[in-house]
Amino acid sequence: MTVDTTPGTALDPGVDRSAGVTAPAGFRAAGVIAGIKPAGTPDLTVVVNDGPHNVAAGVFTTNKVKAAPVLWSQQVLTAGVLKAVVLNSGGANACTGPEGFQDTHKTAEELAALLGVGAAEIGVCSTGLIGERLPMAALIPGLSLAVDALGNGPEHGLAAATAVMTTDNVPKQAALKHAGGWSIGGFAKGAGMCAPNMATMLSVITTDAVLDQPHLDHALRNAVGKTFNRLDVDGGTSTNDTVLLLSSGASGVTVTPEEFEAALTVLAADLVKQLQADAEGVTKHVSITVQGAASEAEALAAAKVVAEDNLCKTAFFASDPNWGRIAMAVGNAPTAFDPSLLDITLNGAAICVAGGKGVDRSEADLSGLEIDVVIDLHAGPASATVLTTDLSHAYVEENSAYSS
C-alpha cells in the first residue's frame, strides 16, 4: 500500500478523515468547553454507545506510573462492556493519589447517572499536566453540557476529537466504511511523550460490526502492536496512554475476526500517521525500517534505538545524511548482527555499504519533509518499521515551557 503522508489526506483510499467516532451506527458524541483549561478551549469529550451491543476492549500504557483514569478503565473493562467514555484534556490526573482516583470514580458516577447506566459501564480518560488534581467544580457541570450536546452527525465526531487536544495543533480522526455494510471510526490525540507500548495518546475507536468480546480484544491488541506501538516521537511512554474500542453491533453484520482486524489496522495506521504529522516541533516525518534481522523483535528494538537517539534526530532536523550516527545507534541496540555486513540507505541512496562508506553523502537528499531510513543487518529474514520525527528547536522550546 502506498502511503500518502500529506496532512489532510488519507493513508488508504478507503479512509475518510472528515468522519470519526460517529460514523458507525449506534454512537453519539460531543466535545464541549467545561472550563478545565484556563484558556477556555474545548476540554471535555463524551462518546456514548447506544447499542444494541455494548462490547468493548482496551489497551493501556505499560508505564508503571499509571494515571487514575487508566487504573479505573482497566478495572471496569474486566467485564468487557462499556456504555460510554468520558475524556478530559487540561489535566492528566496522574500521580494524584487516592484523591485522584476518587475524582475519576466520581466522574464515572456522574456521567452514569446522566445516562441512566452503571458507573462500571463508563470508561474514563484524562490528558494534560501530571501531578495536579482536576478542577472537579468545572468538570462535573461540564458532563451535563456534554450530554446535552450529544449527537451522531460528523460535526459531533469532530467536536469530540477536538476537545481531547493538548499540544496538538489539529484534531485527528478517521473512518472507514466496509463494503460488507459495517463501519469503523475513531479519533486520537497525542503530540509529545510518544513512545512504543502505546505511543502517548488517547484514542477511542468505534464500530457497528457484530463481534464477540474476545475477538474484539484480540483484534485491538494486534492492531495496536502494528500501529500505535510503532510510533516513537521522543521515547517517553506516558502515564495515561489508552486506546478504547467500542462495538455497538448496530449494523447487524457479523464479521470475521480476520476482516475486522485488517480494517482496524488500516484505520489505526492512518491515525498514527496523523499523530506523526502533528508531533511537537516536527519538521521531518521519519520512517526507520530495519530489515535482515534474526527476528521481528530484534528488528523493532534496533529501529526503536535509532528513533530515540538524539544525535540521529538532530541530524534529521538538519537534513544531514550523517549515517555514522545511525550506525552508532544500531550498534547500541540489543540486536545481533555482523557490523561488516551493515547497509544503510537514506532516501534511496546507499550511503553505507558493508559497514563502510557507500555512495557520496550528497546523493542522499534529506531536504524534504519525508526521510526514509532503511537499515539492513543481513542477519535473518525479519523486518520492522518505526515512525519518528526530528528533534527541532521548536520541540525543545515547547516542552521547556509546557507547565508554564
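Computed from a prediction, not measured in an experiment: that's the story for all the values here.

*Asks:* Residue-level account of the sheet that holds strand 12 (residues 343-346), with values.
*Replies:* Strand pairing in a sheet relies on backbone hydrogen bonds, with the paired strands running either antiparallel or parallel. The mixed open sheet is built from six strands, whose spatial order is 14-13-12-15-11-16. Each edge of the open sheet is held by one strand with a lone partner, namely strand 14 (356-357) and strand 16 (382-389). Taken together, the two bridges between strand 13 (residues 349-353) and strand 14 define a ladder with antiparallel strand orientation. The partner of V353 across the bridge, within strand 14, is G356. In this fold helix 7 (residues 296-308) packs onto strand 11 (285-293), strand 15 (370-376) and strand 16, with an angle of close to 25° to the strand it touches most, strand 16. This element, helix 9 (residues 323-331), spans strand 12, strand 13, strand 14 and strand 15 of the sheet and lies at about 135° to strand 12.

*Asks:* Could you give me a rundown of the pairing of strand 6 (residues 122-127), with the residues and numbers involved?
*Replies:* Within strand 6, six of the six residues are buried, leaving the element largely enclosed by the surrounding structure. Both faces of strand 6 are covered, namely the face carrying I122, V124 and S126 and the face carrying G123, C125 and T127. Pairing between strand 5 (residues 84-89) and strand 6: six bridges, direction parallel. By the bridge assignment for strand 6, S89 is matched with T127. At this point the chain moves from strand 5, through helix 2 (residues 97-115), to the parallel strand 6, and the crossover so formed is right-handed.

*Asks:* Requested: an account of the packing of helix 5 (residues 213-226) against helix 6 (residues 257-277), with residues and values cited.
*Replies:* Here helix 5 crosses helix 6 at 35°, and the two axes come no closer than 9 Å. Helix 5 and helix 6 meet at a crossing whose hand is right-handed. In this structure, helix 5 contributes H215, L216, H218, A219, L220, N222, A223 and K226 to the contact, and helix 6 contributes P257, F260, E261, L264 and T265. Per-class residue counts for the contact of helix 5 with helix 6 are seven nonpolar, four polar and two charged.

*Asks:* Describe the packing of aromatic side chains, naming the residues involved and giving the relevant values.
*Replies:* In this structure the tally under the stated criterion is two aromatic pairs. Taken together, a centroid distance of 5.8 Å and an interplanar angle of 35° make the contact between W182 and F260 tilted. Here the residue W182 occupies a position in the loop between strand 7 (172-177) and strand 8 (183-189), and F260 occupies one in helix 6, the gap between them amounting to 78 residues. For the pair shown, W182 and F260 are each scored as buried.

About the cut-offs
Residues numbered from 1 in each chain as written. Predicted model: local features only at pLDDT ≥ 70, side-chain atom pairs only at ≥ 80, totals over all residues. Heavy atoms only, no water. Pairing = 2+ DSSP bridges. Helix = DSSP H or I, 4+ residues; strand = E, 2+ residues; numbered from the N terminus. Contact = heavy atoms within 4.5 Å. Axes fitted to C-alpha atoms, helices over the stretch in contact; angles between N-to-C directions. Buried < 20%, exposed > 50% of the residue type's maximum accessible area, 1.4 Å probe, protein only. Right-handed = clockwise from strand over helix to strand, strands pointing away. Left-handed = near helix turned anticlockwise from the far one by under 90°. Nonpolar A, V, L, I, M, F, W, Y, C, P; charged D, E, K, R; others polar. Phe/Tyr/Trp six-rings, centres within 6.5 Å; stacked < 30°, edge-to-face > 60°.

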